[in-house]
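# Examining the three-dimensional arrangement
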Amino acid sequence: MFQGFSPATIDFMWGIRFNNDRSWFEPRKEEYKTCFEIPMKELCRECYEEYSAHHKDLELVSRVSRIYRDARRLFGRGPYKDHLWFTVSQPAEDWSARATFWFELTPEEYSFGLGYWMARAATMAKLRARLDRDPKSFEKMVRKIQKDPELELTGESFKKPRPAPSKLLESWYNSKNGFSVGRTRSHDELLFSPELKDEILKTWEELTPLYRYLSTLDGDPDPREERMSQS
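Residues numbered from 1 in each chain as written. Predicted model: local features only at pLDDT ≥ 70, side-chain atom pairs only at ≥ 80, totals over all residues. Heavy atoms only, no water.

A tally of helices and strands in the chain yields eight helices and six strands. N-terminal to C-terminal, the α/β element order of the chain is α-α-α-β-β-β-β-α-α-β-α-β-α-α. Here the C-alpha atoms of the chain give a radius of gyration of 19 Å, agreeing with the 17 Å that 2.2 N^0.38 yields for 231 residues. Buried residues in the chain amount to 48% of all 231 residues. Distance between charge centroids for the chain: 6 Å, based on 38 positive and 39 negative side chains. (Helix = DSSP H or I, 4+ residues; strand = E, 2+ residues; numbered from the N terminus. Rg over C-alpha atoms; globule rule 2.2 N^0.38 Å. Buried < 20%, exposed > 50% of the residue type's maximum accessible area, 1.4 Å probe, protein only. Lys, Arg positive; Asp, Glu negative; His and termini not counted. Charge placed at Lys NZ, Arg CZ, Asp CG, Glu CD.)

And the structure:
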């Protein structure tokens, strides 16, 4: 059962940040498992089981990141990550291109919410086309999200903004590679408490209408192909 992370978790992440090599990590592997890997997996399992029990129709799966970086993509960095995350979403080989619920813990902070790692250009084109056709339903969701001042929309935007259907939708409409909506907090007492799970689930429930909306975009026609056929 998840009982919260600990100060040792934070100390370990900072240790990796400044000593990212095998000679430092290997003697501390059991410490990593005890203070970092095991509680992260427990938190993931409990969040996944409780959330999916309330949304069985979504047929969700969970994933927990590994501390080992891909050796093919180190780019001068050490072999270990100084942060871990987990996700809950519908199964797909290209899950990182689809909307997913997440939790992430880094040496400086923790965050959780809903978003894309790297949405496909086609996905974002479909979203913009749907907003053009029917901005009102999405505006309703956005207004509900904005009532929670801690929920923040983040993501890379086009350098040259495109005209959105309304002022309210400008940031969403001009997201280039996807976006995230979530909470980011400095380490606090909640992080070290089992109540962290409840706070994550509460936020995921708040964002569920948005997840259901985004998860249906795959069924929309690609407006770029339609424009090409008309040209």
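Running from N to C, helix H3 (residues 29-54) and helix H7 (residues 196-214) point in directions that differ by 40°, and their axes come no closer than 10 Å. In terms of axis orientation, H3 runs oblique to H7. Pair H3 / H7 crosses with right-handed handedness. Listed contacts from H7 to Leu-43, Glu-46, Cys-47, Glu-50, Tyr-51 and His-54 of H3 are Leu-196, Lys-197, Ile-200, Leu-201, Trp-204, Glu-205 and Thr-208. By residue class, the composition of the contact of H3 with H7 is seven nonpolar, two polar and four charged. (Axes fitted to C-alpha atoms, helices over the stretch in contact; angles between N-to-C directions. Parallel < 35°, antiparallel > 145°, perpendicular 65-115°, else oblique. Left-handed = near helix turned anticlockwise from the far one by under 90°. Contact = heavy atoms within 4.5 Å. Nonpolar A, V, L, I, M, F, W, Y, C, P; charged D, E, K, R; others polar.)

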